[in-house]
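Spelled out, the chains give:
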Amino acid sequence: MPDEVRELAGVPVLVCDAVGPVVATEQDALDLIGAAFLGAQVVAVPVDRLAEGFFSLGTRFAGDVMQKFVNYRLRLAVIGDISERLAASPALRALVHESNRADHVWFLPDLDALDARLRAGS
């Protein structure tokens, strides 16, 4: 299935296919942002679409990508199980905790959780 815009909780979401191109550079993130400008307010990216460097906070890649989404006033939802990565990195655990408390970037297990989160915010 290709990336597609769907409504979740009445909000247009660009739902990215798990087997699409990997987001490995800031330009890759900007490409997703550009695709979202076709009408989405949220971009839901499966964990498998993010380069491993995204989860290694020392690379600063996650922060750069997250900042791009904030700058363009789009929400980013990272979808999937990252429990092993969280167990291995206290810094990543803290980032996910703080992100999930805010309104711009969320780390969620699945699209149902994203739907519930969007419903809670409306």
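The rules behind each value
Residues numbered from 1 in each chain as written. Predicted model: local features only at pLDDT ≥ 70, side-chain atom pairs only at ≥ 80, totals over all residues. Heavy atoms only, no water. Helix = DSSP H or I, 4+ residues; strand = E, 2+ residues; numbered from the N terminus. Polar contact = N/O pair within 3.5 Å; in protein donor to acceptor, adjacent residues only side chain to side chain. Contact = heavy atoms within 4.5 Å. Buried < 20%, exposed > 50% of the residue type's maximum accessible area, 1.4 Å probe, protein only. Arc of directions from axis to C-beta. Expected span 1.5 Å × (residues − 1).

Asker: Sorry, what's going on with the side chain of Arg49 here?
Answerer: Looking at the element boundaries, Arg49 is found in the loop between β3 (42-46) and α2 (61-71). Side-chain polar atoms of Arg49 contact the backbone oxygen of Asp17, separated by 2.7 Å. Setting aside its immediate chain neighbours within four residues, Arg49 contacts Asp3, Cys16, Asp17, Ala18, Val19, Gly20, Pro21, Val22, Val23 and Leu32.

Asker: Where do I start with α2 in this structure?
Answerer: The α-helix advances 3.6 residues per turn, and as a result positions three or four apart in sequence lie on the same side. Burial in α2 covers these residues: Phe61, Ala62, Val65, Met66 and Phe69. Relative to the axis of α2, the buried residues are bounded by an arc of 125° and lie together on one face. Those residues of α2 that are buried are in contact with α1 (26-36), β3, β4 (75-79), α4 (90-101) and β5 (105-108). Two residues or fewer past α2, Arg73 is found with a positive phi of approximately 55°.

Asker: Can you walk me through unusual backbone geometry in this structure?
Answerer: Note: most residues except glycine have negative phi, and most peptide bonds are trans. Of note, Ala9 is a non-glycine position whose phi angle comes to about 55°, a positive value. Checked against the element boundaries, Ala9 lands in the loop between β1 (4-8) and β2 (11-15). The backbone of Arg73 sits at a positive phi, close to 55°, despite the residue not being glycine. Mapping Arg73 onto the fold places it in the loop between α2 and β4.

Asker: Even after reading the chapter, I still don't get α4, so can you show me in this structure?
Answerer: If you check α4, its first and last C-alpha atoms are 17 Å apart, about what twelve residues at 1.5 Å a residue would give, namely 16 Å. Residues of α4 that are buried: Leu92, Val96 and Ser99. Down the axis, α4 shows its buried residues gathered within 70° of arc, on one side only. Structural note: α4 exposes Pro90 and Arg101 on the side pointing more than 90 degrees away from its buried face. Where the residues of α4 are buried, they touch α2, α3 (83-88) and β5.

The quantities given are spatial measurements derived from coordinates; they are silent on function.
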